[in-house]
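So you can see what is in the structure, the chains are spelled out below.
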Amino acid sequence: MELQPGREAVVRVAVATLWTSPEAVRPVDRPALTAGADISAWVSGMDTDQQVGDCVLSQLLLGERVLVGELRPDGWARVVAVEQPAAKLDPRGYPGWLPADQLAPIDPARTGTEHPLAVDATVTALHATPNGPVVLPGVVVGTRLVPAGPAQDDWRPVHVPGRAAPLWLPDEHLAPASAATPTAEQALAVAQRLLDVVYIWGGLSAHGIDCSGLVHLAWRRFGVLLPRDADDQAVATTPVPLGAERPGDLYFFARPGRKIHHIGIVTAPGDDGQRRMLHACYRRRRVIEEPLPADRAATLVGAHRV
């Protein structure tokens with residue numbers, strides 16, 4: 001099977017990066033463009049200015065579906081990430097470009113009749129055999145995997161796009177992909193495990209993440225697909241009066257007359273006069289938990305609940 005325009009495909013690397021255009025990539029981005037997509041090396045190779053380059057739109061996780069729109073002779077694919085709602089950009093999902101060799105055609109025989117599993121470890125690796133050589137490192141929390149059979153000696157086989165044989169990971173790194181809506185506290189607990197992760201504009205993984213990516217990924221771990229961008233996340237969630245927010249709710253920020261530009265997850269609602277939040281902070285270039293500084297409090301425009 002081959003990739004075809006107009007057909008869906010799936011991501012075959014641990015984390016694929018979605019770019020504004022093939023021409024926008026920089027020399028520092030090379031590790032993220034290979035067939036192996038070494039996102040850890042990519043992040044560690046960037047300086048603080050490069051971490052916020054606007055050439056990155058989002059990221060996609062192993063097994064995530066895309067709709068292929070165009071395949072260029074130079075190996076780039078224009079796609080729509082159908083699992084990342086972005087109503088203002090494309091009603092089908094988030095549009096962008098990625099290397100075609102980071103995708104695999106969907107295998108109808110492997111869509112999975114069993115309930116999918118979700119990666120619950122912050123970062124894990126897939127192995128050739130139980131406790132054997134690592135084949136695919138850097139798989140992150142929130143990734144959905146199709147089981148290839150029961151666990152054996154505390155290792156679980158899973159189907160992986162683009163690979164004939166199942167790969168293995170510790171069974172304790174997986175959790176059932178529940179269809180039930182999680183509590184706000186459950187989603188907050190996932191986000192708290194990403195404290196100190198590097199801020200990357202467009203990042204959506206435990207290797208590097210941005211403010212709306214942190215919110216998207218925390219709920220995605222439980223199968224809730226919030227929009228990708230903060231202003232769309234505000235539209236998709238329910239406002240609550242300031243003062244009625246609870247841990248796990250969302251704070252939104254905007255300057256007067258401007259659209260929402262930042263989002264954080266409530267960790268303390270300010271009963272003592274001091275609101276706190278967990279957020280991927282552009283200024284500090286990492287995920288932090290802190291009281292709202294005065295300038296943040298001045299641009300707080302609302303609290304919402306998922």
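The text that follows walks through the structure, step by step, so that each part is easy to find.

Scoring rules and cut-offs
- Residues numbered from 1 in each chain as written.
- Predicted model: local features only at pLDDT ≥ 70, side-chain atom pairs only at ≥ 80, totals over all residues.
- Heavy atoms only, no water.
- Pairing = 2+ DSSP bridges.
- Helix = DSSP H or I, 4+ residues; strand = E, 2+ residues; numbered from the N terminus.
- Buried < 20%, exposed > 50% of the residue type's maximum accessible area, 1.4 Å probe, protein only.
- Axes fitted to C-alpha atoms, helices over the stretch in contact; angles between N-to-C directions.
- Parallel < 35°, antiparallel > 145°, perpendicular 65-115°, else oblique.
- Left-handed = near helix turned anticlockwise from the far one by under 90°.
- Contact = heavy atoms within 4.5 Å.
- Arc of directions from axis to C-beta.
- Phe/Tyr/Trp six-rings, centres within 6.5 Å; stacked < 30°, edge-to-face > 60°.
- Lys NZ or Arg CZ within 6 Å of the ring centre and 35° of its normal.
- Polar contact = N/O pair within 3.5 Å; in protein donor to acceptor, adjacent residues only side chain to side chain.

1. Regarding the pairing of strand E10 (residues 134–140)
Where strand E9 (residues 123–127) lies against E10, four bridges are found, and the strand directions are antiparallel. The residue bridging Thr124 from the neighbouring strand is Val139, located in E10. Adjacent in sequence and paired antiparallel, E9 and E10 are bridged by six residues, among which Asn131 carries a positive phi angle near 60 degrees.

2. Quick word on the environment of Ala236
Relative to the helices and strands, Ala236 resides in the loop between helix H5 (230–235) and strand E17 (238–240). Taking the C-alpha atoms as reference points, Ala236 and Asp54, 182 residues apart in sequence, are found 24 Å from one another.

3. With respect to the environment of Pro293
Summarising the element assignment, Pro293 is placed in the loop between strand E21 (286–291) and helix H6 (294–299). Along the sequence, Pro293 and Thr237 sit 56 residues apart, while their C-alpha atoms lie 24 Å from each other.

4. A short note on helix H4 (residues 211–220)
By the criterion of burial, H4 is predominantly enclosed, with 10 of the 10 residues buried. Within H4, the full set of buried residues consists of Cys211, Ser212, Gly213, Leu214, Val215, His216, Leu217, Ala218, Trp219 and Arg220.

5. Looking at the packing of helix H3 (residues 184–192) against H4
Packing of H3 against H4 leaves a shortest axis separation of 8 Å and a crossing angle of 120 degrees. By the angle between their axes, H3 is oblique relative to H4. When the axes of H3 and H4 are compared, the crossing they make is right-handed. For the pair formed by H3 and H4, the contact residues are Ala187, Val190 and Ala191 on the first element and Leu214, Ala218 and Trp219 on the second.

6. Let's talk about H3
For H3, the full list of buried residues reads Ala187, Leu188, Val190 and Ala191. The buried residues of H3 occupy one face: seen down the axis, they fall within an arc of 155 degrees. Buried-residue contacts for H3 involve H4, strand E19 (262–269) and strand E20 (275–281).

7. A closer look at the sheet that holds E20
Strand order in this open sheet of six strands is E17-E22-E18-E19-E20-E21, and the pairing throughout is antiparallel. Of all strands in the sheet, those bounded by a partner on one side alone are E17 and E21. On average, adjacent strands in this sheet sit at an angle of 35 degrees to one another, irrespective of strand direction. As defined by bridge partners, E17 adjoins strand E22 (residues 300–305) across three bridges and the pair is classed as antiparallel. Its bridge partner being in E22, Val240 is matched across the sheet by Ala303. On top of the sheet, H4 reaches strand E18 (250–253), E19, E20 and E21; it is set at about 60 degrees to E19, its chief contact.

8. Notes on the packing of aromatic side chains
Evaluated as defined, the whole model comprises three aromatic pairs. When the centroid spacing of 5.9 Å and the interplanar angle of 70 degrees are considered together, the rings of Trp19 and Trp42 count as edge-to-face. On the criterion of sequence distance, the pair formed by Trp19 in strand E2 (residues 15–19) and Trp42 in helix H2 (residues 39–44) is long-range, its members being 23 residues apart. For the pair shown, Trp19 and Trp42 are each scored as buried. Ring plane angle 85 degrees and centroid distance 6.5 Å describe the contact between Trp201 and Tyr282, whose orientation is recorded as edge-to-face. Taken together, the positions of Trp201 in the loop between H3 and strand E15 (204–205) and Tyr282 in the loop between E20 and E21 put the pair 81 residues apart, joining distant regions of the chain. Seen from the ring of Trp97, Arg72 lies directly overhead, with NZ or CZ sitting 5.3 Å from the centre. Lying over the aromatic face of Tyr282, Arg285 brings its terminal NZ or CZ to 4.8 Å of the ring centre.

9. Topic: unusual backbone geometry
Of note, the phi angle at Ala37 is positive, near 45 degrees, even though the residue is not glycine. Tracing the backbone through its elements, the reader meets Ala37 in the loop between helix H1 (30–33) and H2. Given the relative accessible area of 6%, Ala37 is considered buried. Of note, Asp154 is a non-glycine position whose phi angle comes to about 70 degrees, a positive value. Mapping Asp154 onto the fold places it in the loop between strand E11 (144–147) and strand E12 (155–159).

10. Observations concerning the pairing of E18
Residue alternation in E18 divides its side chains into two sets, Leu250 and Phe252 and Tyr251 and Phe253, and both sets are buried. When E18 meets E19, the two strands line up antiparallel, connected through four bridges. Paired with Tyr251 across the bridge in E19 is Gly264. Sheet analysis places E18 next to E22, joined by four bridges and oriented antiparallel.

11. Concerning the side chain of Asp229
In this structure, Asp229 sits in the loop between H4 and H5. Among the polar contacts listed, one links the side chain of Asp229 to the side chain of Lys88, at a separation of 3.1 Å. In this view, Asp229 contacts Lys88, Leu89, Tyr94 and Ser212; residues no more than four positions away in its chain are not counted.

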